[in-house]
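# Commentary on secondary and tertiary structure
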Amino acid sequence: MSDQATFFAESDWTAGVVGLGYVGLPLLMASVAQGLRAVGFDTSEEVVDRLRRGVSHVDDVSDSSLTEALDRASFTHDPSDLSQAHAIFICVPSPLGRNREPNLAYIEAAAGTIADVGRPGQLIVLESTTYPGTTEDLLVPAVEKAGLTLDEDVWVAYSPERVSPGGALKTSQIPKVVGGITAESGLVAAAAYRRLVPEVRLVSTARAAEMSKLLENTYRAVNIGLINEIAQLSHGLDIDIWEVIDAAATKPFGFQAFYPGPGVGGHCIPLDPQYLAWKARGANLSTRFIETAEQVNSHMPDYVVSRVGESLNAAGRAINGSRLLVVGLAYKPDVSDDRESASLEVARKLKARGGDVHVFDPLIGPERILAHGFEFEDSPDSGAGYDMAVILTDHSGAPYREIARAATRVFDTRGVYRRLGIVLDNVEAL
């Protein structure tokens, strides 16, 4: 083991985190939990000020745990404070641009910060999801601009974020993939991450690590697209897709259950495969599975609206003029995040068709629901008088029986009534 790898394996070093969102803040908390000191940097003064007061803006980090961490963690919007850190982890957004091409502005800004504040002895790691080659193309020139020599003054690697907001597993419990720009940088980065997580898989290059992240989420996007297509086919053939999935899942090998829904959302599944598709186009390579999955998944909000219309028509009504209760705007259960949410897209389309749309989502809350242009439903009850309730996000603990009593009909895109064993005559599943 090299001297620098030994340092990260055995010393009480300081972690620097650039970007304090749903990835960066839990990573900082994991560092503190392992007895390290941490410096969190974010360009938002509002975010920094809240964190200094022990107020978290991330679902998976409680105010109480944040307050407890303040004796070992500091928060700043001054990039020069990152010079205190021995390892700097870059956890900034990597969205798509208008033409669904990678928008690297945040990563480029972070690389510029490294060029300004980088110093000898530091490990620099990119965690933001991106196309293979980004770490090499952006971070290596940044450290060279700072006058630093790779594997002598600094070490550079990539380790894809693995976070499941609202899930049972926390950052400190999830294995990490690590790949260095060089073999030496990979060993140093792996030694650092072994202080933070229980398992580290070191791969040969940063490019391999970057590709592993895209494979993980492309795998999910393609399989979700497949089951969404099978769901539409099953409905056309008068077959219960939920029964079919349950039956197939009894096979102890060769099958993993995926479930249909109103589409895909969030900061990974709708975006990450497009990074790979964009890179492939530049190399004149085909990504037919990715493109087909995106077409199916992006069509699902329209399909759901069509099914809602069919169900209302069967009762002699239309979407136009109907009083509709949308349950859930978040992109997945038990989070307050509506970025890229298919549920939000469905609600917008129902409103555009003339529906009187009210939204019940206790995690999103009234302020954001009203800002999206919908009426806020505080607590559905039997006197609410909705023509239909549309289950789009299956938050645990939601009052599903009361929701069914509040509406003449229920259209369940998540199979939650079946999963909970609630059998009601007015519930129709996707």
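It should be noted that the structure appears before, not after, this text.
Note that the structure is predicted; figures quoted are calculated from it, not measured.

## What about the overall build of the protein?
Along its length, the protein carries 15 helices and 14 strands. In terms of C-alpha radius of gyration, the protein reaches 24 Å, essentially the compact-globule figure of 22 Å for 430 residues. When the 430 residues of the protein are sorted by exposure, 51% land in the buried category. Restricting to contacts in the protein with at least 6 residues of sequence separation, those with at least 24 account for 70%. Counting every atom, the protein has about 18900 Å² of accessible surface; 50% of that belongs to carbon and sulfur.

## Comments concerning the side chain of Thr 135
With respect to the secondary-structure elements, Thr 135 resides in helix 6 (residues 134–145). The exposure class assigned to Thr 135 is buried, which follows from its relative accessible area of 0%. Within the structure, the side chain of Thr 135 is placed 2.7 Å from the side chain of Glu 210, a separation counted as a polar contact. The contact partners of Thr 135, leaving out residues within four places of it in the chain, are Leu 126, Val 140, Val 156, Ala 157, Tyr 158, Ile 181, Ala 206 and Glu 210.

## Here we look at the sheet that holds strand 4 (residues 87–90)
With mixed pairing, 8 strands are arranged side by side in an open sheet as 3-2-1-4-5-6-7-8. Among the strands making up the open sheet, the edge pair consists of strand 3 (73–76) and strand 8 (200–203). When strand polarity is set aside, the average angle formed by the axes of neighbouring strands in this sheet is 25°. With 5 bridges connecting them, strand 1 (residues 14–18) and strand 2 (residues 37–41) associate as parallel partners. Bridge assignment links Val 17 to a residue of strand 2, and that residue is Gly 40. With respect to the sheet, helix 8 (residues 206–236) is in contact with strand 6 (154–158), strand 7 (176–180) and strand 8, its orientation differing from that of strand 7 by roughly 150°.

## Description of the environment of Gly 266
Examined against the element boundaries, Gly 266 turns out to sit in the loop between helix 9 (241–248) and helix 10 (272–282). Residue classification places Gly 266 among the buried positions, given a relative accessible area of 0%. Separated by 101 residues in sequence, Gly 266 and Pro 165 have C-alpha atoms that sit 9.9 Å apart. Excluding residues within four positions of it along the chain, Gly 266 makes contact with Leu 271, Tyr 331, Arg 339, Glu 340 and Ser 341.

## Focus on unusual backbone geometry
One non-glycine residue, Asp 238, adopts positive backbone phi at about 60°. One can find Asp 238 in the loop between helix 8 and helix 9. With a phi angle near 55°, Glu 340 is a residue other than glycine that sits in the positive phi range. On the secondary structure map, Glu 340 appears in the loop between strand 9 (323–327) and helix 12 (342–352). On the accessibility criterion, Glu 340 (47% relative accessible area) is partly exposed.

## Digging into the pattern of salt bridges
Applying the stated criterion across every chain, the model contains 16 salt bridges. Two residues, Glu 161 and Lys 213, come together in a salt bridge whose shortest N-O distance is 3.6 Å. With Glu 161 in the loop between strand 6 and strand 7 and Lys 213 in helix 8, this residue pair connects regions lying 52 residues apart in the sequence. Note on accessibility: Glu 161 and Lys 213 belong to one class, buried. With its nearest N and O atoms 3.1 Å apart, the salt bridge here joins Lys 349 to Asp 302. In this pair, Lys 349 sits in helix 12 while Asp 302 sits in helix 11 (residues 288–314), placing the two residues 47 residues apart along the sequence.

## Topic: the side chain of Glu 210
Positionally, Glu 210 belongs in helix 8. It turns out Glu 210 is buried and unbridged, and the closest side chain with the opposite charge, Arg 207, is 5.8 Å from it. Beyond its immediate chain neighbours, meaning those up to four positions away, Glu 210 contacts Thr 130, Tyr 131, Pro 132, Gly 133, Thr 134, Thr 135 and Tyr 158.

## Regarding the pairing of strand 7
Burial within strand 7 is extensive, with 5 of its 5 residues counted as buried. A two-sided burial pattern is seen for strand 7, the buried positions comprising Lys 176, Val 178 and Gly 180 on one face and Val 177 and Gly 179 on the other. Relative to strand 7, strand 6 runs antiparallel, the two being bridged by 2 bridges. Looking at the pairing, Tyr 158 lines up with Gly 179 of strand 7. Bridge analysis of strand 7 against strand 8 gives 4 bridges, and the strand direction is parallel. Bridge pairing in strand 8 links Gly 179 to Val 203. In terms of handedness, the path from strand 7 via helix 7 (residues 183–193) over to strand 8 forms a crossover that is right-handed.

## Re the nonpolar core
For soluble globular proteins, the rule of thumb is that nonpolar side chains tend to be buried together. Ranked by internal contacts, the top residues of the largest apolar core, which has 41 residues, are Phe 8, Trp 13, Leu 28, Phe 75, Phe 89, Leu 123 and Leu 196. Sort the elements by how many residues they give to this core and helix 7 lands first, with 6 residues. Beyond its immediate stretch of four places on either side in the chain, Leu 123 contacts Phe 8, His 86, Ala 87, Ile 88, Trp 155, Val 188, Ala 189 and Ala 192.

## Observations regarding helix 7
Of all 11 residues that make up helix 7, 8 are buried, and the element is covered over most of its length. Residues of helix 7 that are buried: Ser 185, Gly 186, Val 188, Ala 189, Ala 190, Ala 191, Ala 192 and Tyr 193. Considering only its buried residues, helix 7 is in contact with helix 1 (3–10), strand 4, strand 5 (122–126), strand 6, strand 7 and strand 8.

Definitions and limits used
- Numbers given to residues run from 1 along each chain, matching the order in which its sequence is written.
- Where totals are concerned, whole chains, interfaces and linings use all residues; where local detail is concerned, this predicted model gives features only for residues with pLDDT of at least 70, and gives and counts side-chain atom pairs only at 80 or more.
- Think of the side-chain values as coming from all heavy atoms in the structure, minus any hydrogens and water.
- Strands are runs of DSSP state E lasting at least 2 residues, helices are runs of H or I lasting at least 4, and numbering of each runs from the N terminus.
- It is over C-alpha atoms that the radius of gyration is taken, and the globule rule equals 2.2 Å times the number of residues to the power 0.38.
- Accessibility here uses a 1.4 Å probe with only protein chains present; expressed as a share of the type maximum, an area under 20% marks a residue as buried, one over 50% as exposed, and anything in between as partly exposed.
- Throughout, a residue-residue contact means that at least one pair of heavy atoms, one from each residue, lies within 4.5 Å.
- For every accessible area listed, the method is Shrake-Rupley and the probe measures 1.4 Å; residues are considered covered only by the protein chains on display.
- Polar contact criterion, stated in full: a pair of N or O atoms within 3.5 Å, where within protein one must be able to donate a hydrogen and the other to accept it, and residues adjacent in sequence count only if both atoms are side-chain atoms.
- Here, any two strands with at least 2 DSSP bridges between them count as paired.
- Here the axes come from fitting lines to C-alpha atoms, over the contacting stretch only for helices, and the angles between their N-to-C directions go from 0 to 180 degrees.
- We define a salt bridge as a side-chain nitrogen of Lys or Arg found within 4 Å of a carboxyl oxygen belonging to Asp or Glu.
- His residues and chain termini do not enter the charge count, which takes Lys and Arg as positive and Asp and Glu as negative.
- For a crossover, the right-handed case is the one in which the path from the first strand over the helix to the second runs clockwise, viewed with the strands pointing away from the viewer.
- As used in this record, nonpolar core signifies buried Ala, Val, Leu, Ile, Met, Phe, Trp, Tyr and Cys residues forming a set joined through side-chain atoms within 4.5 Å.

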